[in-house]
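Summary of structural features
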Amino acid sequence: MNIFTGIIESRPGLIDSLAPDVSGIHAAYTRPHKLIDLLTLLKGEGYVMLKDMNAVDMLGMKDIPGDAENRFFVYYLLYAPAAKQHCIVKVMLNDREDIPSVSGLWCGANWQERQIFDMFGIVFSDHPALTRIIMMNGFEGHPLRKDFPITGGNGLALIKDILLPDPVDPGR
């Protein structure tokens with residue numbers, strides 16, 4: 001049984017629409033302001049494990065679900081061990097929209113949200129320490145965004161400063 005059809009009937013408005021199944025896993029779309037309520041409900045229904053979360057930049061893609069302004073979606077792959085079932089929650093958001101942190105529901109989301117912030121620039125509101133986790137301090141931009149320069153931004157200059165420091169003056 002699709003967990004989301006039951007939620008649509010019992011809690012109208014919590015889910016925007018059903019998404020196409022992914023490899024037989026049921027999926028649904030929701031909005032950022034409904035995310036915590038939906039994930040809390042799913043966790044209460046036995047989906048106690050957050051197996052994965054990540055983002056997709058859909059810049060330039062056709063047939064984007066929802067509003068035409070939606071650029072990203074963040075997905076949450078949940079697992080219910082007792083039922084041996086997975087489900088996927090997808091949150092559509094535009095370039096200027098924050099998404100609430102789920103690290104209060106799953107502490108492991110802390111680092112995953114930092115990775116998404118670092119790579120895509122998506123801001124997770126109420127995150128306990130939203131800082132870079134992969135790219136070095138001083139790096140400008142977010143490398144998994146489709147509009148990130150193919151030349152790598154200022155990353156090469158930062159790496160040269162680390163690997164090739166200024167030569168020592170032999171006169172010292």
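I will try to describe carefully the structure that is included in this document. Remember, it's a predicted structure, so these values are computed and weren't measured experimentally. (Residues numbered from 1 in each chain as written. Predicted model: local features only at pLDDT ≥ 70, side-chain atom pairs only at ≥ 80, totals over all residues. Heavy atoms only, no water.)

Observations concerning the overall build of the protein
Secondary structure assignment for the protein yields four helices and seven strands. Expressed as a percentage of the 172 residues in the protein, the buried residues total 42%. Carbon and sulfur atoms make up 57% of the accessible area of the protein, which totals about 9800 Å². (Helix = DSSP H or I, 4+ residues; strand = E, 2+ residues; numbered from the N terminus. Buried < 20%, exposed > 50% of the residue type's maximum accessible area, 1.4 Å probe, protein only. Areas by Shrake-Rupley, 256 points an atom, 1.4 Å probe, with all protein chains shown as cover.)

Topic: the side chain of Glu113
Among the structural elements, Glu113 can be located in helix H3 (residues 109-120). Excluding residues within four positions of it along the chain, Glu113 makes contact with Met53, Pro100, Ser101, Val102, Ser103, Phe124, His127 and Leu130. (Contact = heavy atoms within 4.5 Å.)

So, H3
The end-to-end C-alpha separation of H3 is 16 Å, in line with the 16 Å expected for twelve residues at 1.5 Å each. Buried residues dominate H3, accounting for ten of its twelve residues. Every buried residue of H3 is listed here: Ala109, Asn110, Gln112, Glu113, Arg114, Ile116, Phe117, Asp118, Met119 and Phe120. Residues of H3 that are buried in the fold lie against strand S3 (49-57), strand S4 (72-80), strand S6 (99-100) and strand S7 (124-125). (Expected span 1.5 Å × (residues − 1).)

Topic: the pairing of strand S1 (residues 17-22)
In this sheet, strand S2 (residues 25-30) lies alongside S1 in antiparallel orientation, the contact comprising four bridges. The residue bridging Ala19 from the neighbouring strand is Ala27, located in S2. Hairpin connection from S1 to S2: two residues lie between these consecutive antiparallel strands, with Ser23 at a positive phi of about 50 degrees. (Pairing = 2+ DSSP bridges.)

What to know about the packing of aromatic side chains
To describe a pair of aromatic rings, one takes the distance between the centres and the angle between the planes. Tallying each qualifying case throughout the model produces two aromatic pairs. Taking 6.3 Å as the distance between ring centres and 85 degrees as the angle between the ring planes, the aromatic pair formed by Phe72 and Phe120 counts as edge-to-face. Taken together, the residues Phe72 in strand S4 and Phe120 in helix H3 connect sequence positions 48 residues apart. Taken individually, Phe72 and Phe120 each receive the classification buried, so the pair is uniform in this respect. On the basis of an interplanar angle of 25 degrees and a centroid distance of 5.9 Å, the ring pair of Phe139 and Phe148 is categorised as stacked. On the accessibility criterion, Phe139 (8% relative accessible area) is buried. (Phe/Tyr/Trp six-rings, centres within 6.5 Å; stacked < 30°, edge-to-face > 60°.)

What to know about the environment of Leu105
Tracing the backbone through its elements, the reader meets Leu105 in the loop between S6 and H3. Leu105 gets classed as buried once you look at its relative accessible area, which sits at 18%. On a C-alpha basis, the gap between Leu105 and Leu50 in space is 9.2 Å, while along the polypeptide they are 55 residues apart. The contact partners of Leu105, leaving out residues within four places of it in the chain, are Ile36, Leu39, Thr40 and Lys43.

Digging into the environment of His33
Considering the arrangement of structural elements, one finds His33 in the loop between S2 and helix H2 (35-44). Once the C-alpha coordinates of His33 and Pro100 are considered, the two residues, 67 residues apart in sequence, prove to be 7.5 Å apart.

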